[in-house]
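# Summary of structural features
These are the residues of each chain, in order.
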Amino acid sequence: GDQEAGEMGLAAVPGRQAAFRQGLAAAVQYARAVGCPRIHLMAGRVPMGADRAAVAGEMETTFIENLRYAADLLAQEDMIGLVEPINNRITDPRYFLNTPHQAAAILEKVGRPNLKLQLDLFHCQIMDGNLSRNLETYFPLIGHIQIAQVPGRHEPDSPGELNFPYIFELLESLGYTGYVGCEYTPKGDTLEGLGWLRSYWQSRGLQHGGTSKAAK
């Protein structure tokens, strides 16, 4: 979509199917060039001035149609499509896809194995909390995890609601082997903002890079 025009993706926006497909084709080219096997398919916003409840059915229908198209295209490239619920309480009041429950229901209707849930724990905590049970419930659908402390959206070790050492251990116990994206605003510079990771590795008896000291 056109960010300057206030768009945040187009996958669920009625009447913008052609633009969605054009953007997807470009995204696939970029992903292929850099060797990225996953593409975030952003739902987009409820149209300005529209009532969310009144347009929800049409937007979901559009979303499902576009996701099926995207999944079939991505399957030809051996790529995964990701959908991410974004909270509408703080971050984006008009974003269409807001909760893991909503995302899971849509993914079930779409019925494509190469579409997965991109679960950002920042958004999940704001909308629903209950992170342990949500991670367990939606784990089979998860294709990517993102983290940030709540409510400041800073480093995991900054003051806030979430106990990330516990969450990381839970992900390990569930068998998660994918990436964890650090989608937060560092309080300082980027390198300083990764200091928590070094401390976490040390607390787990790991060296820089996450390798076991025992393995050395």
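Residues numbered from 1 in each chain as written. Predicted model: local features only at pLDDT ≥ 70, side-chain atom pairs only at ≥ 80, totals over all residues. Heavy atoms only, no water.

### Points about the nonpolar core
We count it as follows: Here the nonpolar core consists of buried residues drawn from Ala, Val, Leu, Ile, Met, Phe, Trp, Tyr and Cys, with membership extended through side-chain atoms lying within 4.5 Å. Exposed residues in this analysis have more than 50% of their type's maximum accessible area, buried residues have under 20%, and partly exposed residues fall in between, with area computed by a 1.4 Å probe over protein chains only. Strands are runs of DSSP state E lasting at least 2 residues, helices are runs of H or I lasting at least 4, and numbering of each runs from the N terminus.
If you look at the biggest cluster of nonpolar residues, it comprises 57 residues, and the most contacted ones within it are Leu41, Phe63, Leu135 and Ile145. Top contributing element to this core by residue count: helix α2 (residues 52-76), with 8 residues.

### Description of the confidence of the model for the protein chain
This is how it is decided: Confidence scores per residue from the predictor, reported as pLDDT, run from 0 to 100. When checking whether two residues touch, look at their non-hydrogen atoms; a contact exists if any pair is within 4.5 Å.
Per-residue pLDDT for the protein chain averages 94, and the proportion of residues at 70 or more is 95%. Confidence drops under pLDDT 50 across residues 212-216; counting only partners more than four residues distant or on other chains, this segment forms 7 contacts.

### As for the pattern of salt bridges
Note the following rule: Throughout this description, the term salt bridge denotes a Lys or Arg side-chain nitrogen within 4 Å of a carboxyl oxygen of Asp or Glu.
Summed over all chains, the structure comprises 9 salt bridges. In this structure, the salt-bridge partner of arginine 16 is glutamate 7, at a minimum N-O distance of 2.2 Å. Its relative accessible area of 17% is what places glutamate 7 among the buried residues.

### Thoughts on the pairing of strand β3 (residues 115-120)
Heads up, the rule is: A pair of strands is considered paired only if DSSP assigns at least 2 bridges between the two. Here is how to tell: hold the view so the strands point away, follow the path from the first strand over the helix to the second, and if it runs clockwise the crossover is right-handed.
Here β3 lies mainly inside the structure; 5 of its 6 residues are buried. With 3 bridges joining them, strand β2 (residues 80-83) and β3 adopt parallel strand pairing. Each bridged residue has a counterpart across the sheet, and for glycine 81 the counterpart in β3 is leucine 115. For the crossover that starts at β2, traverses helix α3 (residues 100-110) and ends in the parallel β3, the hand is right-handed.

### Overview of the side chain of serine 158
Residue placement: serine 158 occurs in the loop between β4 (142-147) and α6 (164-174). On the accessibility criterion, serine 158 (10% relative accessible area) is buried. Excluding anything up to four places from it in sequence, serine 158 contacts Gln149 and Lys187.

### Description of helix α1 (residues 17-34)
Selection rule: To estimate how far a helix should extend, the number of its residues minus one is multiplied by 1.5 Å. As used here, the arc is the angular range of directions from the helix axis to the C-beta atoms.
End to end, α1 covers 26 Å across 18 residues, agreeing with the expected 26 Å (1.5 Å per residue, within 8%). When α1 is considered as a whole, its buried residues turn out to be Gln17, Phe20, Leu24, Val28 and Ala31. Along the axis of α1, the buried positions cluster into a sector of 80°, meaning they face one direction only. Of the exposed residues in α1, the ones pointing more than 90 degrees away from its buried face are Ala18, Gln22, Gln29, Tyr30, Ala33 and Val34. Packing partners of the buried residues in α1 comprise β1 (38-40) and α2. The positive-phi residue at the C-terminal boundary of α1 is glycine 35, with phi of around 75°.

### Here we look at the sheet that holds β2
The pairing of strands in a sheet happens through backbone hydrogen bonds and is either parallel or antiparallel. Selection rule: Lines fitted to C-alpha atoms define the axes, with helix axes restricted to the stretch in contact, and inter-axis angles between N-to-C directions lie between 0 and 180 degrees.
Overall, parallel pairing links the 5 strands, which are arranged β1-β2-β3-β4-β5 in an open sheet. On the outer flanks of this sheet lie β1 and β5 (180-182), each paired with one strand and no other. Shown here is a sheet whose adjacent strand axes are inclined to one another by a mean of 30°, direction ignored. Note that β4 and β5 share 3 bridges and pair parallel. Opposite glutamine 146, over in β5, you have glycine 181 as the bridge partner.

### Description of the environment of glycine 129
On the secondary structure map, glycine 129 appears in the loop between α4 (121-127) and α5 (131-138). Under the relative-accessibility criterion, glycine 129 is labelled buried at 10%. Each C-alpha atom of the pair glycine 129 and glutamate 161 lies 9.9 Å from the other, and the pair is 32 residues apart in sequence.

### Quick look at the packing of aromatic side chains
Let me state the cut-off plainly: Each aromatic pair joins two rings of Phe, Tyr and Trp (for Trp, the six-membered one) with centres within 6.5 Å, and gets the label stacked for planes under 30 degrees apart, edge-to-face for over 60, and tilted for any other angle.
Tallied over the entire structure, the rule returns 5 aromatic pairs. Taking 6.1 Å as the distance between ring centres and 85° as the angle between the ring planes, the aromatic pair formed by phenylalanine 63 and phenylalanine 96 counts as edge-to-face. Taken together, the positions of phenylalanine 63 in helix α2 and phenylalanine 96 in the loop between β2 and α3 put the pair 33 residues apart, joining distant regions of the chain. Just as phenylalanine 63 is buried, phenylalanine 96 falls in that class too. When the centroid spacing of 5.9 Å and the interplanar angle of 25° are considered together, the rings of phenylalanine 168 and tryptophan 196 count as stacked. Pair noted here: phenylalanine 168 is in helix α6 and tryptophan 196 is in helix α7 (residues 195-203), with a separation of 28 residues, a long-range link. Judged by its relative accessible area of 10%, phenylalanine 168 is buried. Relative accessible area serves as the criterion here: at 8%, tryptophan 196 is assigned to the buried category. Counting every residue linked through ring pairs, the aromatic cluster contains Phe164, Phe168, Trp196 and Tyr200.

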